[in-house]
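Next come the chains, spelled out residue by residue.
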Amino acid sequence: MNARFKILQFNMQYGQMWDDAYPDHAPIRLAMTVEEIRSHDADIIVLQEVEQTESGGKQAEPPPHYTRLRQEFSNYDSVFSYPKPDERELPFGIGLAIFSRTPLRDHKFVNLPSPPVEFDFFGDKKTPTDRLLIAATTTLYGRDVRILNTHLLAFFMLNTTSEEHRGQRDLVEAELRESRHMPTLLTGDFNVSRHQSLVQQFASAGYQTVQSTQPTWRRRPYVLDHIFYNEWLNPIEWYVKPTPASDHHALAAEFRFTR
């Protein structure tokens, strides 16, 4: 089968553009996000940090950035979800989305609990909130494809590691194993600084990453973003593209079916 399809993985940092001098105070420019996403002409678009948490963990309804993206990409079907509400949520990016040129079905939302690891946030003691995995199935060239999207806790920012706290990773691995019988893609911001252990863990479940050498984050030279695939799929090409539209680079890959 010669049919190809393209997937874009992008942590959009709720539309906050990158500023080398003042990255934490850069303005939100959602138009740049839209332009960046559109430039890849992907069949499947997978996004993290779609929205920004409001004061007290409030989740805006309807979600404004997702609403804008649905308008801009009206020829795509899509699904979006916040993690479960939590007043402890800090004012960073939140919310996952999947966009597809072909209809999405069989939606699934999996809560990924965070351990009660204490950390300091501007002099206050905090504990992390739970994370999320979303999934949906689409049909491409007559073949069903399962798409999983997640954004894990950045343990390296809490002075610990996901190797010590494997709960979220293990739940994601369980979802991967559940989908081994069909073509499956797992994308996301995995927030693992020493990513080799993550790659090895998911390889044991039958999944490879399209790349593990080029950093995908501007703030530190870490490979945080991945597109994992199983034996039903073959990556034809991939690339990492730095963009001023986020503190994460865009990661895209084209695939063919192997059977």
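Computed from a prediction, not measured in an experiment: that's the story for all the values here. (Residues numbered from 1 in each chain as written. Predicted model: local features only at pLDDT ≥ 70, side-chain atom pairs only at ≥ 80, totals over all residues. Heavy atoms only, no water.)

**Here's the deal with the sheet that holds strand β10 (residues 131-140)**
Judged by pairing direction, the sheet is mixed, and its 6 strands sit side by side in the order β7-β10-β11-β12-β14-β13 without closing on themselves. At either margin of the open sheet sits one strand with a lone partner, and together these are β7 (105-112) and β13 (208-209). Taken together, the 2 bridges between β13 and strand β14 (residues 225-229) define a ladder with antiparallel strand orientation. Opposite Thr 209, over in β14, you have Phe 228 as the bridge partner. (Pairing = 2+ DSSP bridges. Helix = DSSP H or I, 4+ residues; strand = E, 2+ residues; numbered from the N terminus.)

**What about the packing of aromatic side chains?**
Per the stated rule, a full pass over the model turns up 16 aromatic pairs. Look at Phe 190 and Phe 228: their rings are 5.4 Å apart centre to centre, the planes differ by 85 degrees, and that puts the pair in the edge-to-face class. Residue Phe 190 is located in the loop between β12 (184-189) and α4 (196-203), and its partner Phe 228 is located in strand β14; the two are separated by 38 residues in the primary sequence. For the pair Phe 190 and Phe 228, one class covers both residues: buried. Three or more aromatic residues link up through ring pairs in this structure, and these residues are Tyr 66, Phe 73, Tyr 76, Phe 80, Tyr 82 and Phe 99. Its guanidinium or amino end placed over the ring of Phe 73, Arg 38 lies 5.0 Å from that ring's centre, counting from NZ or CZ. Between Arg 259 and the ring centre of Trp 232, over which it is positioned, the NZ or CZ distance is 4.0 Å. (Phe/Tyr/Trp six-rings, centres within 6.5 Å; stacked < 30°, edge-to-face > 60°. Buried < 20%, exposed > 50% of the residue type's maximum accessible area, 1.4 Å probe, protein only. Lys NZ or Arg CZ within 6 Å of the ring centre and 35° of its normal.)

**Topic: the sheet that holds strand β6 (residues 96-100)**
Strands in a sheet are paired, the pairing made by backbone hydrogen bonds, and the direction either parallel or antiparallel. Here we have 6 strands laid out as an open sheet, ordered β4-β6-β2-β1-β16-β15, and mixed in their pairing. Every interior strand has two partners, whereas the edge strands, β4 (77-81) and β15 (233-241), have only one. The average angle at which neighbouring strand axes cross in this sheet is 15 degrees, direction not considered. Each of β1 (5-11), β2 (44-48), β15 and β16 (250-257) is contacted by helix α1 (residues 30-40), which is oriented at about 155 degrees to β1, the strand it contacts most. (Axes fitted to C-alpha atoms, helices over the stretch in contact; angles between N-to-C directions. Contact = heavy atoms within 4.5 Å.)

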